[in-house]
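Fold and geometry: a report
So the chains spell out like this:
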Amino acid sequence: MLANVLLAALLLVFLAWNFAQIPIADWLNFELFLLSVATLALAGLALCRPAPRRVDMRWRTQAICWISTVYVLLFERVPIPEAVWLVELARWSRVIFHSLAMIGLIMLGRSYSLLPALRDVQDRYLYRWVRHPVYMSYIVADAAFLVLQFSWWNLALAWFAAMLFVERARLEEELLVQDEAYRAYQKRVPYRFIPFVV
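A brief structural summary. (Residues numbered from 1 in each chain as written. Predicted model: local features only at pLDDT ≥ 70, side-chain atom pairs only at ≥ 80, totals over all residues. Heavy atoms only, no water.)

1. Quick notes on helix α3 (residues 59-70)
Quick reminder of the rule: A run of H or I in DSSP becomes a helix once it reaches four residues, and a run of E becomes a strand once it reaches two; helices and strands are each numbered from the N terminus. Residue count minus one, scaled by 1.5 Å, sets the expected span of a helix. Classification of residues uses two cut-offs on accessible area relative to the type maximum, computed with a 1.4 Å probe and protein chains only: under 20% is buried, over 50% is exposed, and between them is partly exposed. Directions are taken from the helix axis to each C-beta atom, and the arc is the one they span.
Over its 12 residues, α3 extends 17 Å from the first C-alpha to the last, a length consistent with the 16 Å expected when each residue adds 1.5 Å. Buried within α3 are the following residues: Thr61, Ile64, Cys65 and Ser68. Along the long axis of α3, the arc covered by the buried residues comes to 95°, so they all point the same way.

And the structure:
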């Protein structure tokens, strides 16, 4: 129960940090609204989720999970490019893929966890097509962010985060394959990130 309360508190701190970003561009308001609603939903889910049957508590796993959660705080803010159509495309791509990530997290329901944990297998909605739709959505949203806020630092950070998500997915599956239901799910859904590709 303490872990659930701590995770809910972490999510609320993350929510407060997002609103503390000043100055904020008008176009971010909708994205922040969606992020806020999803974060509050996740905090509620974290409070009522059942205890996992098993959790990967290795220090390396914890480091990867925590870093891949807070890396967004390190993105550098730079001037937005002039190309209007490209900016609009990147903005809406970012909103759409962040929304998909939040939907994916909410779809996990009470199985949501920061660390790899063995709970119920979710195979509905986005999880019918790929096993890690949330990580894929974050990677694409970060690519859209690079169009809006390009710097070599942001490029390196986005690449590093993508590698963390790939490793995080591998670590999760290392634990989840201990469950027969997850092994059957892997057979039904062979793609980790992109349907019919990988």
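Still to come is the rest of the account.
2. A look at the packing of aromatic side chains
As a reminder of what qualifies: Working definition: rings of Phe, Tyr and Trp (its six-membered ring) pair if their centres are within 6.5 Å, and the pair is stacked with planes under 30 degrees apart, edge-to-face with planes over 60 apart, and tilted otherwise.
Applying the stated criterion across every chain, the model contains 8 aromatic pairs. Relative to Phe165, the ring of Tyr71 lies with its centre 5.8 Å away and its plane at 80°, an arrangement referred to as edge-to-face. In this pair, Tyr71 sits in the loop between α3 and α4 (84-108) while Phe165 sits in helix α6 (residues 152-176), placing the two residues 94 residues apart along the sequence. Overall, the relative accessible area of 4% leaves Tyr71 in the buried class. Their ring planes at 20° and their centres at 5.3 Å tell us that Tyr135 and Phe165 sit as a pair that is stacked. Here Phe165 lies in helix α6 and Tyr135 lies in helix α5 (residues 133-148), a separation of 30 residues in the sequence. For the pair formed by Tyr135 and Phe165, the shared burial category is buried.

3. Digging into the pattern of salt bridges
Worth spelling out the cut-off: Note on definitions: salt bridges are taken to be side-chain nitrogens of Lys or Arg within 4 Å of carboxyl oxygens of Asp or Glu.
One pass over the structure, following the stated rule, counts 12 salt bridges. Residues Glu174 and Arg58 are paired through a salt bridge, measuring 2.7 Å at the closest nitrogen-oxygen approach. Of this pair, Glu174 sits in helix α6 while Arg58 sits in the loop between β1 (54-55) and α3, and the two are 116 residues apart along the sequence. A relative accessible area of 34% means that Glu174 is categorised as partly exposed. Between Arg170 and Glu174 there is a salt bridge whose closest N-O contact spans 2.9 Å.

4. What to know about the side chain of Glu167
Rules: Polar contacts, as counted here, are pairs of nitrogen or oxygen atoms within 3.5 Å of one another; within protein the pair requires one atom able to donate a hydrogen and one able to accept it, and residues that are adjacent in sequence qualify only if both atoms are side-chain atoms.
Its location among the elements puts Glu167 in helix α6. Side chain to side chain, Glu167 and Arg170 meet in a polar contact 2.7 Å long.

5. Details of a nonpolar patch on the surface
Which entries qualify depends on this criterion: Patch rule: a residue counts if its relative accessible area is over 30% and it has no salt bridge; like charges are joined within 9 Å, and nonpolar side chains (Val, Leu, Ile, Met, Phe, Trp, Tyr) within 5 Å. Working definition of accessibility: Shrake-Rupley area with a 1.4 Å probe, residue cover restricted to the visible protein chains.
Together, Trp66, Val70, Leu73, Leu74 and Trp153 make up a nonpolar patch on the protein surface, roughly 470 Å² of accessible area in all. Relative to the helices and strands, Trp153 resides in helix α6.

6. Regarding the packing of α4 against α5
Going by this rule: To get an axis, a line is fitted to the C-alpha atoms, and for a helix only the part in contact is used. The angle between two axes follows their N-to-C directions and goes from 0 to 180 degrees. Note on angle classes: values under 35 degrees are labelled roughly parallel, values over 145 roughly antiparallel, values of 65 to 115 roughly perpendicular, and the remainder oblique. Crossing handedness is defined as follows: a turn of the near helix away from the far one that is anticlockwise and smaller than a right angle gives a left-handed crossing, while the clockwise case is right-handed. Side-chain classes are defined by residue name, with Ala, Val, Leu, Ile, Met, Phe, Trp, Tyr, Cys and Pro counting as nonpolar, Asp, Glu, Lys and Arg as charged, and the others, Gly among them, as polar.
Look at α4 against α5: their axes get within 8 Å of each other, and the N-to-C directions meet at 160°. With respect to their mutual orientation, α4 and α5 come out roughly antiparallel. As for the relative orientation of α4 and α5, their crossing is left-handed in sense. Taken together, the residues of the contact of α4 with α5 break down into 17 nonpolar, 4 polar and 3 charged.

7. Notes on the packing of α3 against α6
Cut-off, in case you're wondering: Any pair of residues with heavy atoms lying within 4.5 Å of one another is described as a contacting pair.
For the pair α3 and α6, interaxial distance at closest approach is 9 Å and the crossing angle is 135°. Considered as vectors, α3 and α6 are oriented oblique to each other. In terms of crossing hand, the pair formed by α3 and α6 is left-handed. Residues Arg60, Thr61, Ile64, Cys65, Ile67, Ser68 and Thr69 of α3 pack against Phe160, Leu164, Phe165, Glu167, Arg168, Arg170 and Leu171 of α6. Residues that form the contact of α3 with α6 fall into these classes: 7 nonpolar, 3 polar and 4 charged.

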